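# Notes for the structure review
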Amino acid sequence: MEVFIPSFRYEDNDLERGYTVFRIEVLVNGRRHFVEKRYSEFHALHKKLKKSIKTPEIPSKHVRNWIPKVLEQRRQGLENYLQTVIYENEELPKIFLEFLNVRHLPSLPKAESCGSIDDLESEEASKLSHQPVLLFLRDPYVLPAANGNQTCHLLTAVY
């Protein structure tokens, strides 16, 4: 599993003060999805994770959200936080997987998963790639008609 936080945006709301939303990119078994979380959700996750695993430092809670440079530092810090949790834990807590909206993670030993993640992704990608399929409009062993109609068409199908 890989996670990145490629971007963030400021959300202005009439009911409460504006806040920043971080867009998390999650790659699992060759599949990609995105989750959006506020800093307060990261902070709540951190408090829960501390009870069961050793956690890295989380960026400071108190910053001026409207300063782009500070927001970029927070984005980098949160990305590093998620990546460190993944790297340092053989088994990821259910609460962490739920936070990233990951339903199923294959259980591989850490040494094997580190060494073969590229193999898994390429194997998965080959299963999902376009494969040629032959479609016969008539019996391929019978000679074609004199008018030159083809008996075989090449199609591309997705599996």
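Residues numbered from 1 in each chain as written. Predicted model: local features only at pLDDT ≥ 70, side-chain atom pairs only at ≥ 80, totals over all residues. Heavy atoms only, no water.

Neighbouring strands of a sheet are bound in pairs by backbone hydrogen bonds; such pairs are parallel or else antiparallel. Pairing is antiparallel across the open sheet formed by three strands, whose spatial order is β1-β2-β3. A single partner strand is all that each edge strand has here, and the edge strands are β1 (2-11) and β3 (31-38). With direction set aside, neighbouring strand axes in the sheet form an average angle of 20°. Where β1 and strand β2 (residues 19-28) come together, eight bridges link them in antiparallel fashion. Within β2, the position partnered with Glu11 by the bridge is Tyr19. Running over the sheet, helix α1 (residues 39-49) touches β1, β2 and β3 and is turned about 100° from β3. (Pairing = 2+ DSSP bridges. Helix = DSSP H or I, 4+ residues; strand = E, 2+ residues; numbered from the N terminus. Axes fitted to C-alpha atoms, helices over the stretch in contact; angles between N-to-C directions. Contact = heavy atoms within 4.5 Å.)

The next subject is unusual backbone geometry. Positive phi, close to 50°, is recorded for Asn29, a residue that is not glycine. Taking relative accessible area as the criterion, Asn29 reaches 26% and is therefore assigned partly exposed. With a phi angle near 60°, Asn101 is a residue other than glycine that sits in the positive phi range. Locating Asn101 in the fold gives a position in the loop between α3 (94-99) and α4 (110-128). The class for Asn101 is partly exposed, based on a relative accessible area of 36%. (Buried < 20%, exposed > 50% of the residue type's maximum accessible area, 1.4 Å probe, protein only.)

Read these as layout, nothing more, since geometry by itself doesn't imply function.
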